[in-house]
Amino acid sequence: MASSRRDFLRSSTALALGAGIAGRASAQGLSVPHWPSASAVPSAVDPHAKELALRALDAARSAGAQYADVRITAGRTQNIFTRERRVAGINDRETFGFGVRTLVDGAWGFAASSDVTAEEVTRVARQAVEQARANRAAQLRPVTLAPTEPVPNGVWRAPARIDPFDVDLQDKAELLLAANEAALGVKGARFVNSSMFFLRDEKTYANTEGSVITQTIYRAQPSMTVTAVSSDMADFQSRQSTDIQPMGRGYEHVLDAKLVETAPRWADEAVQKLSAKSVDVGRYDLVLHPTHLWLTIHEAIAHPTELDRAYGYEANYAGTSFVSPPEEMLGKFRYGPEFMNVQGDRSQEGSLAACGWDDDGVKPDTFLIIKNGVVNDYQTTREQALWLDWWYKQQNRPVRSHGCSYAQSWADVQFQRMPNVSLLPGEQDIGWDDIIAATDRGIAIIGDGSFSIDQQRYNAQFGGQLFYEIKGGKIVGMLKDVAYQIRTPEFWNAMDMLGGEKSYELGGAFGDGKGQPAQSNSVSHGCVPTRHRQINIINTGRTA
């Protein structure tokens, strides 16, 4: 299999380069070479995988582990990149292996291997136990796991109607090139990049408490960036396809995105930005579209309410949190107005963090992180939930993990990762247009852009894709060079309007980094349009 994979990658790369050379000649017909399909790695959800998982657990118990779990994962990712009229690159990767985590006298151990055989799972399980014994020397306090119900035969599959890896590469490339051609047909559009990204993970999980779970996860993201250049070459402006967010779906998400039909609008908006008025600095009421606001939620709510950050465990890399210490925040700290409610979950259909069970074998629940504007909870795993037992008992709530354990692959140890974190709709049935109509002087922002934020998630600056000036309840023109500055609690407490249920949308990110060694996870953030009073606007185009 290794040889066939190398042959595939060699041939597909050569053909991709050939497509680039032939791209100009074939632009009208949009024909591209025919690539072979890659063979799949063995499935991680068949009965043989379960047998190997149980063998690993038996070996760990026999070696002295009080608790153990194992994950066997077959993963595949695929990226297709195009630029103007050529295919710029293809990346198709498969991986297959397993990881065993053990708990010995309150200390974790972990070991992994890509050799998925009966002999190897036994050896690696014993190695994980020895690693746990070695780790006891650095143990600050014993690990204790919150209770959870065993799942003897759990099965979950993401709602993918079309497996993206069953779709021919030629069809995917032709669609991207057709979308590029549609964008380039707009006068002033000079450059265009488009891509597709797909992921499929098949996982078998088992633990010594009796859980045996199989899951199949899909993710998909089509995207495009169009760049317009002024006639005098003095300015360029880009428009990213932030209307189309990544989703936990199959190839149908690409088809539903209608890239070819929508590309001319994105190109036209990039051209319009060239002649847009440069913003005057000052304070404005901001009306934020869900395609923009999801990123502000991610950075300024979701990250600071990760419990390990709040206790300082990520200080060396991903940063800490101003929502700390939890003892002084829970039930006391006002994050926003009383109508602000923020939910954590891993159940929204099509969301990137959706799953049946997390990588601790816990069925995730739906919980309020912010309740009526006040900090109500943090994101937790089985190890972390007991850190907050005093709070749960005070609230007459069961002490349980919220199901926030995740590892990016079989070779990585699981730890606390973000679930979907979403701003819930308000009670009034209002939307984007209604909020604009109620705003006398403001700026409307669509789409996410560049941003910066400090290590405690307190001071931040956000850009966007499209900016519109609002006067007297109407959009009067396009702006550019806009970014807003916030202090997190001041920003959310300045929110005075919130969209209703019909205006709710899911945004999200494929790559959210954390941990050392670093891992990446995918997460969605649902939200509605909002208005925030008197937020400081700076001009990013000024040089003095």
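Residues numbered from 1 in each chain as written. Predicted model: local features only at pLDDT ≥ 70, side-chain atom pairs only at ≥ 80, totals over all residues. Heavy atoms only, no water.

Engineer: Is there a simple way to explain the sheet that holds strand 11 (residues 367-371) in this structure?
Structural biologist: Strand pairing in a sheet relies on backbone hydrogen bonds, with the paired strands running either antiparallel or parallel. Here four strands make up an open sheet; going across it, the order is 12-11-10-15 and the pairing antiparallel. At either end of the open sheet lies a strand with only one pairing partner, and these are strand 12 (374-375) and strand 15 (420-423). The sheet contact formed by strand 11 and strand 12 spans two bridges and is antiparallel. Opposite Ile370, over in strand 12, you have Val375 as the bridge partner. In the packing of helix 7 (residues 290-302) onto the sheet, the strands contacted are strand 10 (342-345) and strand 15, and the crossing angle to strand 15 comes to about 110 degrees. (Pairing = 2+ DSSP bridges. Helix = DSSP H or I, 4+ residues; strand = E, 2+ residues; numbered from the N terminus. Contact = heavy atoms within 4.5 Å. Axes fitted to C-alpha atoms, helices over the stretch in contact; angles between N-to-C directions.)

Engineer: Hey, could you run me through the side chain of Asp69 in this one?
Structural biologist: In this structure, Asp69 sits in strand 1 (residues 67-83). Judged by its relative accessible area of 1%, Asp69 is buried. Within the structure, Asp69 has its side chain in polar contact with the side chain of Tyr67 (distance 2.9 Å). Side-chain polar atoms of Asp69 contact the side chain of Arg101, separated by 2.7 Å. In contact with Asp69, other than residues within four places in its own chain, are Leu57, Gly99, Val100, Arg101, Tyr205, Ala206, Asn207, Asp359 and Gln414. (Buried < 20%, exposed > 50% of the residue type's maximum accessible area, 1.4 Å probe, protein only. Polar contact = N/O pair within 3.5 Å; in protein donor to acceptor, adjacent residues only side chain to side chain.)

Engineer: Explanation requested: the domain arrangement of the protein in the structure shown.
Structural biologist: By domain assignment, the protein separates into domain 1 (2-274) and domain 2 (282-539). Put simply, the middle of domain 1 and the middle of domain 2, counted by C-alpha atoms, are 24 Å apart. At the junction of the two partners, domain 1 supplies 53 residues and domain 2 supplies 43 residues. When the two sides are added together, the surface that domain 1 and domain 2 hide from each other amounts to roughly 4000 Å², 53% of it contributed by carbon and sulfur. Here domain 1 is connected to domain 2 by four salt bridges. (Domains from an automatic or database assignment. Buried area = accessible area lost by both parts, 1.4 Å probe. Salt bridge = Lys/Arg side-chain N within 4 Å of Asp/Glu carboxyl O.)

Engineer: I would appreciate a short explanation of the pattern of salt bridges in the present structure.
Structural biologist: Side chains that differ in charge, positive against negative, can pair when their charged atoms come close. Enumeration according to the criterion identifies 32 salt bridges in this entry. With a closest N to O distance of 2.9 Å, Glu84 and Arg83 form a salt bridge. Residue classification places Glu84 among the buried positions, given a relative accessible area of 12%. Ionic pairing is found between Asp243 and Arg239, a salt bridge with its closest N-O pair at 2.9 Å. Shared partners join several salt bridges into a network, and the residues in it are Arg239, Asp243, Arg265 and Glu269.

Engineer: Would you mind showing me how to read the pairing of strand 24 (residues 519-527) here?
Structural biologist: A regular strand carries its side chains on alternate faces of the sheet. The buried fraction of strand 24 is high, at eight of nine residues. Pairing geometry for strand 23 (residues 505-514) and strand 24, over eight bridges, is antiparallel. The partner of Gly508 across the bridge, within strand 24, is Ser524. The loop that links strand 23 with its antiparallel partner strand 24 comprises four residues; one of these, Gly515, has a positive phi angle of about 90 degrees.

Engineer: How do you make sense of the nonpolar core when you look at a structure like this?
Structural biologist: For soluble globular proteins, nonpolar side chains are generally found buried alongside one another. Core analysis: the largest hydrophobic core is formed by 53 residues, its most contacted members being Tyr335, Met340, Tyr378, Leu423, Ile443, Tyr484 and Trp492. A per-element tally of this core places helix 7 first, with seven residues. In terms of nonpolar packing, the next biggest core, distinct from the first, is built from 26 residues, Ala56, Val121, Ala132 and Val212 among them. (Core = buried A, V, L, I, M, F, W, Y, C linked by side-chain atoms within 4.5 Å.)

Engineer: I tried to follow the environment of Pro159 on my own but got confused; where do I start?
Structural biologist: Within the fold, Pro159 resides in the loop between strand 4 (154-157) and helix 4 (169-184). Residue classification places Pro159 among the partly exposed positions, given a relative accessible area of 30%. Sequence separation between Pro159 and Gly250 is 91 residues; the distance between their C-alpha atoms is 7.5 Å. Those residues in contact with Pro159 that lie beyond four places of it in its chain are Gly248, Arg249, Glu252, Glu349 and Gly350.

Engineer: Which parts of the structure should I look at to understand the layout of surface pockets?
Structural biologist: A water-sized probe, rolled over the atoms, reveals where empty space remains. By volume, the largest pocket amounts to about 1200 Å³. Together, 39 residues line the largest pocket, and Trp108, Val143, Tyr313, Glu383 and Phe415 are the ones closest to its centre. Broken down by secondary-structure element, the contributors of at least two residues to the lining of the largest pocket are strand 3 (107-113), helix 10 (382-385) and strand 14 (415-416). Looking at which element gives the most residues to the lining of the largest pocket, the answer is strand 3, with four residues. Grouping the amino acids of the lining of the largest pocket by side-chain chemistry returns 17 nonpolar, 14 polar and eight charged. Both domain 1 (2-274) and domain 2 (282-539) contribute no fewer than three residues apiece to the lining of the largest pocket. (1 Å grid on protein atoms, 1.4 Å probe; cavity = no way out; pocket = protein on both sides within 12 Å on 5 of 7 lines; lining within 4 Å. Points joined across faces, edges and corners; volume = space filled by probe spheres on them. Nonpolar A, V, L, I, M, F, W, Y, C, P; charged D, E, K, R; others polar.)

Engineer: So what exactly am I meant to see when it comes to the environment of Tyr504 here?
Structural biologist: Of note, Tyr504 is situated in the loop between strand 22 (495-498) and strand 23. One polar contact links Tyr504 to Gln348, side chain to side chain, over a distance of 2.8 Å.

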